[in-house]
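Observations on the model geometry
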Amino acid sequence: MEVSRFSGQAFLITGAASGIGRVLVEMLAEHGAALVLCDVDTERLEATRRALAETGRRVHAIAADVSSPDQVERMAAEAFRVAGPIGGLVNCAGIYPVTPLLEMAAEEWDRVLNTNLKGPFLVTQAVARRMIEARSGGSIVNISSSASRLARPGIAHYGASKAGLNQLTAVMAVELAPHGIRVNAVAPGLIGTDRVLAAARGPAGEAEHATKRARIPLGREGTPAEVADLVLFLLSPEASYCTGGVYAVDGGFTLGIPRY
Ligand code: NAP
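As the structure is a computational prediction, the values presented were derived from the model and not from experiment.

**Points about the overall build of the protein chain**
Along the backbone of the protein chain there are eight helices and seven strands. Relative to the globule expectation of 18 Å for 260 residues, the C-alpha radius of gyration of the protein chain, 18 Å, shows essentially globular dimensions. In terms of overall dimensions, the protein chain has C-alpha extents of about 50 × 45 × 40 Å along its principal axes. Looking at the 260 residues of the protein chain, the share that counts as buried comes to 48%. Intrachain contacts of the protein chain at a sequence separation of at least 6 include 72% that bridge at least 24 residues. Surface exposure of the protein chain reaches about 12,600 Å², of which carbon and sulfur atoms provide 55%. For the protein chain, the separation between the mean place of its 25 positive charges and that of its 26 negative charges on side chains is 3 Å.

Shown next, in the form of structure tokens:
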């Protein structure tokens, strides 16, 4: 009998109820993984859990805000209690409001940094402590962005949070390597999630989307599954010598000028 790629292994995914996270958990489940889903959107979280459970998957859902130290601690404790030792974590929860620098309120700056940078710090700390206690090793993947390298108007907070996440990934990789825990980041470019495609439908959104698309050497946006494929590789034993890397999955978006 064929053994599935991730059977017998448990993974914790934040931002699991929507977009890239949702496709990722579906793909991990197809490969036999047990899953703990975390998201702040309780309704969509429960719908995602139910859809996976109905196909016979081992799946738990825990609502939590990744920017809250108390909620993260409770979520991590519950995750290890219900699923056993978690071997892989994906920090996928993120927000990307667009506001010009001169109009950006300090509260919005804090919300983006707290979700996109403090969140992965808190969740990784809570999970890594338990991985070390279990002596299980593990693999952690942070979902960064092409915006960590490519400047665009309106995303001062988002770009800074993702650039910070790249360096957080590197430092966490160094500190956790002695415990057999690998830490990497994946930096997607323009990905056709429902939210991104909906935003591209308005007149302003359409122009912005077309400008971005024109800069992509491969000539199209990526799919959530194309991001998830890279995440699956980094979670797997095939990536046993990869740590501290930031891997672009962006169709060449961040390379430079695609054509004259
Ligand atoms: P999405 O569809 O909006 O999904 C993100 C999920 O995370 C949502 O369910 C969201 O809930 C949840 N979330 C937000 N804040 C949270 C918090 N504090 N605690 C727990 N969960 C929270 O986003 P996506 O497009 O799939 O993006 C996923 C990740 O990829 C993000 O880190 C994003 O920055 C990154 N990324 C996306 C793209 C792209 O083109 N889509 C490109 C580069 C990088 P709510 O809906 O209630 O906010």
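**Focus on the side chain of serine 161**
Its location among the elements puts serine 161 in helix α5 (residues 156–176). A residue is classified by how much of its surface remains accessible, and serine 161, at 0% relative accessible area, is buried. Within the structure, the side chain of serine 161 is placed 3.3 Å from the side chain of asparagine 116, a separation counted as a polar contact. Polar side-chain contacts of serine 161 include one of 2.7 Å to the backbone oxygen of tyrosine 158. Aside from chain neighbours lying at most four places away, what touches serine 161 is Val112, Leu113, Asn116 and Leu117.

**Side note on helix α1 (residues 19–30)**
Owing to its 3.6 residues per turn, the α-helix brings residues three or four apart onto one side. Here α1 is twelve residues long and its end C-alpha atoms lie 17 Å apart, about the 16 Å a rise of 1.5 Å per residue gives. Of the positions making up α1, those classed as buried are Ile20, Gly21, Leu24, Val25, Met27, Leu28 and Ala29. In the core, the buried residues of α1 are packed alongside β1 (10–14), β2 (34–39), α2 (42–54), β4 (88–91), β6 (181–188) and α8 (224–235). Phi turns positive, to about 90°, at glycine 32, one or two residues after α1.

**Examining the environment of leucine 117**
In this structure, leucine 117 sits in helix α4 (residues 106–134). A residue is classified by how much of its surface remains accessible, and leucine 117, at 23% relative accessible area, is partly exposed. Measuring from C-alpha to C-alpha, the distance between leucine 117 and alanine 160 comes to 9.1 Å, with 43 residues separating the pair along the chain. Each residue touching leucine 117, except ones within four places of it in the same chain, is listed here: Val112, Ser161, Gly164, Leu165 and Leu168.

**Thoughts on the site of the ligand**
Around the ligand sit 28 residues in total, of which Ser18, Ile20, Arg44, Tyr96 and Tyr158 are the nearest. Within the contact set of the ligand, an oxygen atom lies 2.6 Å away from a side-chain nitrogen or oxygen of tyrosine 96. Calculation on the ligand without its partners gives an accessible area of 890 Å², and the protein chains cover 92% of this total. Using a 2 Å cut-off from the grid points, one finds that the ligand occupies the largest pocket. Across the shell around the ligand, the residue classes break down as 13 nonpolar, nine polar and six charged.

Calculation notes
Residues numbered from 1 in each chain as written. Predicted model: local features only at pLDDT ≥ 70, side-chain atom pairs only at ≥ 80, totals over all residues. Heavy atoms only, no water. Helix = DSSP H or I, 4+ residues; strand = E, 2+ residues; numbered from the N terminus. Rg over C-alpha atoms; globule rule 2.2 N^0.38 Å. Buried < 20%, exposed > 50% of the residue type's maximum accessible area, 1.4 Å probe, protein only. Contact = heavy atoms within 4.5 Å. Areas by Shrake-Rupley, 256 points an atom, 1.4 Å probe, with all protein chains shown as cover. Lys, Arg positive; Asp, Glu negative; His and termini not counted. Charge placed at Lys NZ, Arg CZ, Asp CG, Glu CD. Polar contact = N/O pair within 3.5 Å; in protein donor to acceptor, adjacent residues only side chain to side chain. Expected span 1.5 Å × (residues − 1). Near = heavy atom within 4 Å. 1 Å grid on protein atoms, 1.4 Å probe; cavity = no way out; pocket = protein on both sides within 12 Å on 5 of 7 lines; lining within 4 Å. Sits in = over half its atoms within 2 Å of the grid points. Nonpolar A, V, L, I, M, F, W, Y, C, P; charged D, E, K, R; others polar.

The values reported here are purely geometric and, on their own, carry no functional implication.
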